[in-house]
Amino acid sequence: MSGAAGCQGGGGGDRGPRWRRLWKLLALGLLSASSVLAAAPGAEAMSKEEKRRLGNQVLEMFDHAYSNYMEHAYPADELMPLTCRGRVRGQEPSRGDVDDALGKFSLTLIDTLDTLVVLNKTKEFEEAVKKVIKDVNLDNDIVVSVFETNIRVLGGLLGGHSVAIMLKDKGEYMQWYNGELLHMAKELGYKLLPAFNTTSGLPYPRVNLKFGVRHPEARTGTETDTCTACAGTLILEFAALSRFTGTSIFEEYARKALDFIWEKRQRSSNLVGVTINIHTGDWVRKDSGVGAGIDSYYEYLLKAYVLLGDDSFLERFNTHYDAIMRYISQPPLLLDVHIHKPMLNARTWMDSLLAFFPGLQVLKGDIRPAIETHEMLYQVIKKHNFLPEAFTTDFRVHWAQHPLRPEFAESTYFLYKATGDPYYLEVGKTLIENLNKYARVPCGFAAMKDVRTGSHEDRMDSFFLAEMFKYLYLLFADKEDMIFDIEDYIFTTEAHLLPLWLSTTNQTISKKNTTTEYTELDDSNFDWTCPNTQILFPNDPMFAQSIREPLKNVVDKSCPRGISRAEENLGNGPKPPLRARDFMASNPEHLEILKKMGVSLIHLKDGRVQLVQHAVQAASSLDAEDGLRFMQEMIELSSQQQKEQQLPPRAVQIVSHPFFGRVVLTAGPAQFGMDLSKHKAGTRGFVATIKPYNGCSEITNPEAVKEKIALMQRGQCMFAEKARNIQKAGAIGGIVIDDNEGSSSDTAPLFQMAGDGKNTDDITIPMLFLFNKEGNIILDAIREYEAVEVLLSDKAKDRDLETENMDQKLPENDSHKQDSEEATSESQHLDAVSEEPEEGENSDITDPDSLSAAHTDSDSVSISNQDSYVPGTDEASAPESACTQGDSQPQEQKTETESNSKVDWDSKVQPMESILADWNEDIEAFEMMEKDEL
């Protein structure tokens, strides 16, 4: 996002010169804030030398990521940083909807074009543009996401064109450039237009680049739903394409989609849902928030006003913003609500994509809530090193992945621009240190598979290069460090640069106000022309610090528990007539109370019971409220019981050269042997393969195993028997590798290895379990480096940065790289396996109670005409008061085959072909609520 959006003005007139004047005024205002706060007592200003050092560190990190993509992955769409090769769609196991961003069009290179110029790498930019023009083919028979292709590829081409013509005008670089990137952008724009062939004007979510939507060979066009952000995040790129080319059809289509969403908003709350039917306009998912599925819709309303000068966009944004602050904002939290009953929270957790919202609030000029939410997010980061994909209102991990998202860095940059507070420079420094310490690997930067254990995913998304390094560099850069004035541009949601002068170019669309039923809102913020430091910080240079201070310990010490609006309204009113911890399914009196609360009980064939709430069947509204609280309590108890029966995942960390602790694998624990959670140092040693490999008889190579960590294959005997055999041979630990080819912790739930039904106190060494894909990473490392040392621990340990820096100088230094939309709701759980199946038998033995608890989710409770489901348990205990981390993680897998491109996509594949470390990707934070029907 660009700070240009922070200026709000009236309508009419020549917008181009006016916006340039307002934009310069904003820059002066932010500079004034910076100088005031820098002099404030207690706010230690960062020295110019330190800022320059950090800026140079960002440049080095970018070079590490970019050079490894170009060396190991190009022309593939993305780099796989753990296996040092390119990710080519159709050649890797499908990750489901995440792969819809990949179109065999060198995604990472296109997404990175304008980043090269922001980072003053003009020569590299010129070479990159030539490669894109020469190599990229947009006519591939492949189905892609309209949303992702628009913001990443179309936006990347337009951003590249914007800075290319700027450099050409300066007279030193790009003198040969003749609009080639713009021609490619126009070609791509026409390929996206068939998606808009709906009665509503909302686009299909996917389109085939070669055949469109309804062609017999298109393999798409049957979808009925799309997310609000997917249809509402087109106007900047499509309007810019129209303004650059003079072809109005692109802007017309994007405007029609925005108009339709606005007309379909819920009129009483002025909120929009997450998913909408593209044919009827009915809301499919009626929950509303500012995170995944909706986020950039709000962003583009405000920025469309800035770029296009149409008052209707500002009026719509103000209307939505008033509703957000009225219903969704519960400082410092931002919680989803139901659009028809906005006083009811729709869930008790937040997703990481909402981290962009403080930045948007800065651009709107509403600083206080931006500071509060940003500080809360920073406290979560300080606890987990990264922002988990989702976390609960009491700051437990809900989904543990982190795909190196840039939204928090974006908000940090804008808060620093608005306040000048050096505190935000220190926040940026922390982000840099965590990326280098925990995400950096020899071939780039790897996404975090689990922020609790520090394990990695073989993934480096294009947005990491497009956004993260751009915002971090701008955070520490002074004006003299830039080769152009960043204030002349607005940032898209992918941080691509579009020039503000487009507001007066090729205005083929009438700018009349099309907003209907707009209501004047009593909010003095709307009267501001620009964020004025005298208004934001009246005689108080410590303003930002005074807002942050109460939130300093909100995560670590306060351990707050979210309070529902119903609880808030009732205050200290009467307790519900039946508490979940007291419930007994065999008690007739309890069943009668449940019936009064609208809760029915269903007996399952396996002896368990389901509890389902129908609020409309309750005796009264108060009874329905009691039923809601009862269901919430029961869900907490079921979840707690599940956690008490499980051990958390463990970590296998490769610490020898050239890995030095930068590759971490998620491992399943054992119910016997050394408890790694009580031995913080873990067990460290070189690995050795045992003979026989199954470990089911006396080890025949004890000299190779002694004082080492034994590797063995799953199958043919009990886990405990394997452990006893290797312990007898002198091993200090053991790793069991799954014998099911291609299995991975991404596509199967982890399980804990159980004993053999006998006393296992004689087993004293640690035992861990790796699925086939993760195990093959270690086996492949042995083939390449022979001596491989690992650390078995409860979580990954800090990397040795000094050793890492020395390693970067070695010739073997490699690098590896790493969105979202659509996520499933199934929680990761640990299944206890007590016995190894014979070959040919099913290898998964699942505890039905554990499985039942794993599918329990607090989102399945609502009082608004929807079914609430809780699997029953035989015994329940009250939730503990201490802060604990949840274990829930979504997973998704799909199989898809795409036709091959003419480009030689195999040319960059590394020798590690046997490793299929294509771990399950980032998944969208909202599908969990698709079970709900309001």
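Residues numbered from 1 in each chain as written. Predicted model: local features only at pLDDT ≥ 70, side-chain atom pairs only at ≥ 80, totals over all residues. Heavy atoms only, no water.

How would you sum up the overall build of the protein? Please name residues and give values.
Secondary structure assignment for the protein yields 26 helices and 32 strands. Residue burial in the protein is summarised as follows: out of 934 residues, 64% are buried. Split by element, the accessible area of the protein, about 33600 Å² in all, is 49% carbon and sulfur. (Helix = DSSP H or I, 4+ residues; strand = E, 2+ residues; numbered from the N terminus. Buried < 20%, exposed > 50% of the residue type's maximum accessible area, 1.4 Å probe, protein only. Areas by Shrake-Rupley, 256 points an atom, 1.4 Å probe, with all protein chains shown as cover.)

Please provide a residue-by-residue account of the nonpolar core, values included.
Of all hydrophobic cores here, the largest spans 180 residues; its most connected members are F125, L435, F445 and F469. It is helix α5 (residues 146-170) that contributes the most residues to this core, 11 residues altogether. Look past the residues within four positions of F125 in its chain and what remains in contact with it is L113, L116, V117, G160, V163, A164, L167 and M174. With 25 residues, the next largest nonpolar core counts V441, A667, I735 and A781 among its residues. (Core = buried A, V, L, I, M, F, W, Y, C linked by side-chain atoms within 4.5 Å. Contact = heavy atoms within 4.5 Å.)

How would you summarise the packing of helix α10 (residues 295-308) against helix α11 (residues 311-328) if you had to cite specific residues and measurements?
At a minimum axis separation of 8 Å, α10 and α11 run at an interaxial angle of 150°. Taken as axis vectors, α10 and α11 run roughly antiparallel relative to one another. Between α10 and α11 lies a crossing whose hand is left-handed. Seen from α10, the contacting residues are Y297, Y298, L301, L302, A304, Y305 and L308; seen from α11, they are D311, F313, L314, R316, F317, H320 and I324. Looking at side-chain class alone, the contact of α10 with α11 contains 11 nonpolar, 1 polar and 2 charged residues. (Axes fitted to C-alpha atoms, helices over the stretch in contact; angles between N-to-C directions. Parallel < 35°, antiparallel > 145°, perpendicular 65-115°, else oblique. Left-handed = near helix turned anticlockwise from the far one by under 90°. Nonpolar A, V, L, I, M, F, W, Y, C, P; charged D, E, K, R; others polar.)

Mind laying out the pattern of salt bridges, listing which residues take part and the relevant values?
What the rule picks out here adds up to 42 salt bridges. Residue D287 is joined to R285 by a salt bridge in which the shortest nitrogen-to-oxygen separation is 3.0 Å. You can call D287 buried: its relative accessible area is 2%. Between R396 and D394 there is a salt bridge whose closest N-O contact spans 3.2 Å. (Salt bridge = Lys/Arg side-chain N within 4 Å of Asp/Glu carboxyl O.)

Describe the state of the cysteines, and please don't skip the residues or the numbers.
The final tally for this structure, using the stated rule, is 3 disulfides. Note on cysteine connectivity: C84 is disulfide-linked to C443, with sulfurs 2.0 Å apart. Taking the sign of the torsion about the S-S bond as the criterion, the disulfide between C84 and C443, at about 95°, is right-handed. Here the residue C84 occupies a position in the loop between β1 (78-80) and β2 (85-87), and C443 occupies one in the loop between β15 (440-441) and β16 (444-445), the gap between them amounting to 359 residues. The same class applies to C84 as to C443, namely buried. For C227, the disulfide goes to C230, at an S-S distance of 2.1 Å. Its S-S torsion of about 90° marks the bond between C227 and C230 as right-handed, since a negative value means left-handed. Take C227 and C230: they sit in the same class, and that class is buried. (Disulfide = S-S within 2.5 Å.)

Please provide a residue-by-residue account of the sheet that holds strand β30 (residues 789-793), values included.
Taken in spatial order, the 7 strands of this open sheet run β24-β23-β30-β25-β26-β27-β29, and their pairing is mixed. Every interior strand has two partners, whereas the edge strands, β24 (663-667) and β29 (767-770), have only one. Shown here is a sheet whose adjacent strand axes are inclined to one another by a mean of 30°, direction ignored. Where strand β26 (residues 709-713) and strand β27 (residues 733-737) come together, 5 bridges link them in parallel fashion. Considered in β27, the bridge of I709 is made with G733. (Pairing = 2+ DSSP bridges.)

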